[in-house]
Amino acid sequence: MKLATSSQMQALDQATINEIGVPGIVLMENAGKGTVELMEQEYGPVRRKSVIIFVGPGNNGGDGLVIARHILQHGGYPYLFYFMAPEKLKGDAATNAVICSAVNIPHRTVLQEEEISQLSEDIKSIHCAHPVHSLVDALFGTGLKRNLEGRFAAGVQLINQSAHEHQWPVTAVDIPSGLSADTGATLGCSIQADLTVTYGLAKPGHYLHGGPSVGKLKVIDIGIPEKVIQAAALPGKVLDTDIGSLLHHRQRASHKGSFGHLLILAGSEGKTGAAILSGRAALHSGCGLVTLAVPGELNPIFEISLPEAMTCPLPCSRTFFSVADFDLIVQLLAGKNALVIGPGLGTDTETGKLVRRLYREIPLPMVVDADALNLLAPAPDTVTEPAGSRILTPHPGEMSRLTGLATKNIQADRIQAAMWLNRATINNDHEIITILKGAGTIVCSSKDNWAINTTGNNGMATGGMGDVLSGLIGGLLGQGYTPCHAAEIGVYLHGLAADLLAEKQPYGYSASEVAAALPTAAAHLIRKRS
């Protein structure tokens, strides 16, 4: 499913109005009418019940006024709390305000923060007259850029408090007020919605930090033609069950050589577990053959732990990787389809030399994770000059070291942070995919296309999950998936495997269990595709 930023959505609206000829008031009518239908689906009929609508300036408030009219049509009792003088509304919102007045929908105007306390009394009176069905947040939409203050912030707090005290559901119009549509950041404070009804296309903020504020997300068609959306060539999307269409069909008459051979360089003294997890995930990815090149003295650990994988002890790398084994590693890469480097690698100086040479000299598709990223960070010129396709998998801390940006700035705008490296390598012939891990993992290609993952849960906040992801993606690369598809499928399956585990236990499962659940997750996705 495609995503639109606030400016992109505004451009789609304008193209529909100006180029196609659909009046803006028709789009607004479709939005409000569709919202009421979803409210009744979620909360039951509005007939003989009160619905309190908080109306802000702009078209979001106009959507709220259409909602009020349709609630009246459905036999409910809408009440409008204007947070501006109604006569100051403009355009389609002003037209709907006039209609609401003509059909005698009761309203109150709030112009000062001090008036909020009176709203609490009004809400109690409304509830006594007719039980409250729900509250509607139509204060601010996707165009909000500044922190909420004054009466608007007080209004948000009143909605949240009233909903909590009385267990009334809250519907957010387009996006919860106070939530950035582009980054998911909270702008001072935000509505805690049970249902968010967004129009045309979902926005990035619905899937980033804003998830807890959004509640259940529904996208409704308001009449923007598909040709307008296609013409916009939107770069953003969400990773959802549609990703199943990318999975390769496996021929019945196949053998292990049919599904690729992956080489993994991972592990050092005290960090063999990371390499084992990466190898285990690669084996569970469907890859035909997996070989681990490991420090020589640690080889017995891997031989015992991963009987299905092959190992190659490196003679010059006793307990950590040394650049002295570079030529042997190049020989090992013959006949391999992809390389994973990084899990549990350590940060020794000799290891750093090896990582940088491999990154700049080996044309094979490569997943670069964990310590390999940390070893590349001091050499930014190396990062931007790979010898082949690369998939980088940093968490925010590793991304900070790669880019020099503060972690808080990376988290404040995760999409832009994920695109930083791709822009830095725009003149390179080789594709670089950045996977910025975390809640709402971002997958960004060097063509500035990006996607937000929708799977995964907080039970994954435990050691080893990233190692599993690197092995999984490496296994997909080994099977012949393009770097972009390997990254997108890997990220989605990784989260889905954890979600399936979380259905039985919300947390406390291990990275090993996630690796073992990958085939089940793939089967789940294949069934969805069928």
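Look above for the structure.
Computed from a prediction, not measured in an experiment: that's the story for all the values here.

Student: Help me get a handle on the overall build of the protein chain, residues and values and all.
Tutor: Within the protein chain one finds 20 helices and 17 strands. The dimensions of the protein chain, computed from C-alpha atoms along their principal axes, are 85 × 50 × 45 Å. Here the protein chain holds 530 residues, and the buried ones make up 56% of them. Residue pairs in contact within the protein chain that sit at least 24 positions apart in sequence constitute 74% of those at least 6 positions apart. When the accessible surface of the protein chain is totalled, it reaches about 21,600 Å², and 51% of it is carbon and sulfur. The positive charge centre, built from 40 side chains, and the negative charge centre, built from 47, are 4 Å apart in the protein chain.

Student: Quick one: what's the story with the nonpolar core, residue by residue and with numbers?
Tutor: Judged by nonpolar contacts, the single largest core of 56 residues is most densely connected at Ile 264, Leu 292, Ile 391, Ile 435, Val 468, Leu 493 and Val 514. Of all elements in the fold, only strand 9 (261-265), helix 9 (272-284), strand 10 (289-295), strand 12 (338-341), strand 15 (432-436), helix 18 (465-478), helix 19 (483-502) and helix 20 (511-529) reach the threshold of two or more residues within this core. Apart from residues no more than four positions distant in its own chain, Ile 435 is found in contact with Ile 391, Leu 392, Thr 393, Pro 394, Thr 441, Ile 442, Val 443, Leu 469, Ile 473, Ala 487 and Val 491. Ranked by size, the runner-up nonpolar core spans 39 residues in total, among them Ala 4, Leu 27, Met 39 and Ile 53.

Student: Describe the sheet that holds strand 6 (residues 195-199), with residues and values.
Tutor: A sheet is described by the order of its strands in space; here seven strands give the open sequence 3-2-1-4-5-6-7, paired in parallel fashion. Of all strands in the sheet, those with a lone pairing partner are strand 3 (107-109) and strand 7 (216-220), marking the two edges. Strand-to-strand twist in this sheet, taken as the mean axis angle between neighbours without regard to direction, amounts to 20 degrees.

Student: I'd love a proper account of the pattern of salt bridges, names of residues and values included.
Tutor: Scanning the model with the defined rule gives 14 salt bridges in all. Salt-bridge contacts for Lys 124 lead to Glu 121; the nearest nitrogen and oxygen are separated by 3.8 Å. Note that Lys 124 and Glu 121 are positioned in helix 5 (residues 116-129) at a spacing of three residues, about one turn of the helix. Look at Lys 124 and you get partly exposed, because its relative accessible area is 46%. Between Lys 145 and Asp 182 there is a salt bridge, with its nearest N and O atoms 3.3 Å apart. Here Lys 145 is found in the loop between strand 4 (132-138) and helix 6 (150-166), whereas its partner Asp 182 is found in the loop between strand 5 (170-173) and strand 6, with 37 residues between them in sequence.

Student: Please give an account of the packing of helix 18 against helix 19 that cites residues and values.
Tutor: Direction vectors running N to C along helix 18 and helix 19 enclose 140 degrees, while the axes themselves pass 9 Å from each other. It follows from the interaxial angle that helix 18 and helix 19 lie oblique. Crossing geometry of helix 18 relative to helix 19 is assigned as right-handed. Judged by residue contacts, Met 465, Val 468, Leu 469, Leu 472, Ile 473, Leu 476 and Leu 477 of helix 18 engage Pro 483, Ala 486, Ala 487, Ile 489, Gly 490, Val 491, Leu 493 and His 494 from helix 19.

Student: So what about the environment of Ile 362? Which residues, and what values?
Tutor: On the secondary structure map, Ile 362 appears in the loop between helix 12 (349-361) and strand 13 (366-368). Classification of Ile 362 by relative accessible area gives buried; the value is 8%. Setting aside residues up to four positions removed in sequence, Ile 362 forms contacts with Val 330, Leu 333, Arg 357, Ala 387, Gly 388 and Arg 390.

Student: Requested: an account of the state of the cysteines, with residues and values cited.
Tutor: Under the counting rule described, the total for this entry stands at zero disulfides. Here Cys 444 is not disulfide-linked; the sulfur of Cys 484 is the nearest cysteine sulfur, at 9.4 Å.

Student: Talk me through the packing of aromatic side chains; I want residue IDs and the actual numbers.
Tutor: Given two aromatic rings, one states the distance between the centres and the angle between the planes to describe the pair. Following the criterion strictly, the structure yields four aromatic pairs and no others. Ring centres 6.2 Å apart and planes at 45 degrees place the aromatic pair Phe 54 and Phe 83 in the tilted group. Of this pair, Phe 54 sits in strand 1 (residues 50-55) while Phe 83 sits in the loop between strand 2 (77-82) and helix 4 (91-102); the two residues are 29 residues apart in sequence, bridging distant segments of the chain. A relative accessible area of 0% places Phe 83 in the buried class. Relative to Phe 152, the ring of Phe 140 lies with its centre 4.9 Å away and its plane at 70 degrees, an arrangement referred to as edge-to-face. Separated by twelve residues along the polypeptide, Phe 140 in the loop between strand 4 and helix 6 and Phe 152 in helix 6 bring together distant segments of the chain. The ring of Phe 259 carries Arg 250 above its face, with NZ or CZ at 3.5 Å from the centroid. The ring of Phe 326 has Arg 357 sitting right over it, with the charged end atom 3.7 Å from the ring centre.

Student: An account of the sheet that holds strand 9 is requested, with residue identities and associated values reported.
Tutor: Spatial ordering of the open sheet is given by 8-17-16-15-14-13-12-9-10-11, a layout of ten strands whose pairing is mixed. In this open sheet, the two edge strands, each paired with only one partner strand, are strand 8 (236-239) and strand 11 (310-314). For this sheet the average axis-to-axis angle between neighbouring strands, irrespective of direction, equals 20 degrees. Those strands touched by helix 17 (residues 414-424) are strand 14 (390-392), strand 15, strand 16 (442-444) and strand 17 (450-453), and its axis lies near 150 degrees from that of strand 15.

Student: Can you break down helix 2 (residues 24-43) residue by residue, with the values?
Tutor: Between its first and last C-alpha, helix 2 extends 29 Å over 20 residues, near the 28 Å set by a 1.5 Å rise per residue. Turning to helix 2, its buried residues are Gly 24, Leu 27, Met 28, Ala 31, Gly 32, Gly 34, Thr 35, Val 36, Leu 38 and Met 39. Among the residues trailing helix 2, Gly 44 stands out with phi positive, at a value near 95 degrees.

Student: An account of the packing of helix 2 against helix 3 (residues 59-73) is needed here, citing residue identities and associated values.
Tutor: The description of two helices packed together rests on the angle between their axes and the distance between the axes. Two elements in contact, helix 2 and helix 3, have axes separated by 8 Å at closest approach and are oriented at 55 degrees. When the interaxial angle is binned, helix 2 and helix 3 end up oblique. Of the two elements, helix 2 crosses helix 3, and the hand of that crossing is right-handed. Taken together, the residues of helix 3 that come into contact with helix 2 (itself represented by Met 28, Glu 29, Ala 31, Gly 32, Lys 33, Thr 35, Val 36 and Met 39) are Asn 59, Gly 62, Asp 63, Val 66, Ile 67, Arg 69, His 70 and Ile 71. For the contact of helix 2 with helix 3, the per-class residue count stands at seven nonpolar, five polar and four charged.

Student: Would you mind going over unusual backbone geometry in detail, with residue names and values included?
Tutor: Phi is positive for Ala 233, close to 50 degrees, though the residue is something other than glycine. Mapped onto the secondary structure, Ala 233 falls in the loop between helix 8 (226-232) and strand 8. If you check the backbone angles, Ala 370 has positive phi at about 50 degrees while not being a glycine. Within the element layout of this structure, Ala 370 appears in the loop between strand 13 and helix 13 (371-376). Classification of Ala 370 as buried rests on a relative accessible area of 14%.

What counts and how
- By convention here, each chain's residues receive numbers from 1 onward along its written sequence.
- In view of the model being predicted, local features appear only for residues whose pLDDT reaches at least 70, and side-chain atom pairs are presented and counted only at 80 or more, with totals across whole chains, interfaces and linings using the full set of residues.
- The basis for every side-chain value is the complete set of non-hydrogen atoms in the structure, without hydrogens or water.
- A run of DSSP states H or I qualifies as a helix once it reaches four residues; a run of E qualifies as a strand once it reaches two. Both are numbered from the N-terminal end.
- The buried label applies to any residue whose accessible area, calculated with a 1.4 Å probe on protein chains only, is under 20% of its type's maximum; exposed applies above 50%, and partly exposed to all values in between.
- Pairs of residues are marked as contacts when any of their non-hydrogen atoms sit within 4.5 Å.
- Method for areas: the Shrake-Rupley scheme with a 1.4 Å probe, in which residue coverage is limited to the protein chains shown.
- Charged residues are defined here as Lys and Arg on the positive side and Asp and Glu on the negative side; His and the ends of the chain fall outside this count.
- Charge coordinates come from a single atom per side chain, which is NZ of Lys, CZ of Arg, CG of Asp or CD of Glu.
- Joining through side-chain atoms within 4.5 Å is the link that ties buried Ala, Val, Leu, Ile, Met, Phe, Trp, Tyr and Cys residues into a set, and such a set is a nonpolar core.
- Any two strands between which DSSP finds at least two bridges are classified as paired.
- Note on geometry: axes are lines fitted to C-alpha atoms, helical ones only across the stretch in contact, with angles between N-to-C directions running from 0 to 180 degrees.
- For this document, the term salt bridge refers to a Lys or Arg side-chain nitrogen within 4 Å of an Asp or Glu carboxyl oxygen.
- Throughout this description, any angle smaller than 35 degrees is read as roughly parallel, any larger than 145 degrees as roughly antiparallel, any in the 65 to 115 degree range as roughly perpendicular, and the remainder as oblique.
- Should the near helix be turned counterclockwise from the far one by less than a right angle, the crossing is left-handed, whereas a clockwise turn marks it as right-handed.
- Cysteine sulfur pairs qualify as disulfides if the two atoms are within 2.5 Å.
- Within 6.5 Å between ring centres, the rings of Phe, Tyr and Trp (the latter by its six-membered ring) count as paired, and their orientation is classed by plane angle as stacked under 30 degrees, edge-to-face over 60, tilted in between.
- Put simply, a charge is over a ring when the Lys NZ or the Arg CZ is close to the ring centre, within 6 Å, and near the line of the ring normal, within 35 degrees.
- A helix is expected to span 1.5 Å for every residue after the first.
- Ten residue types, Ala, Val, Leu, Ile, Met, Phe, Trp, Tyr, Cys and Pro, are classed as nonpolar, four, Asp, Glu, Lys and Arg, as charged, and the remainder, Gly among them, as polar.

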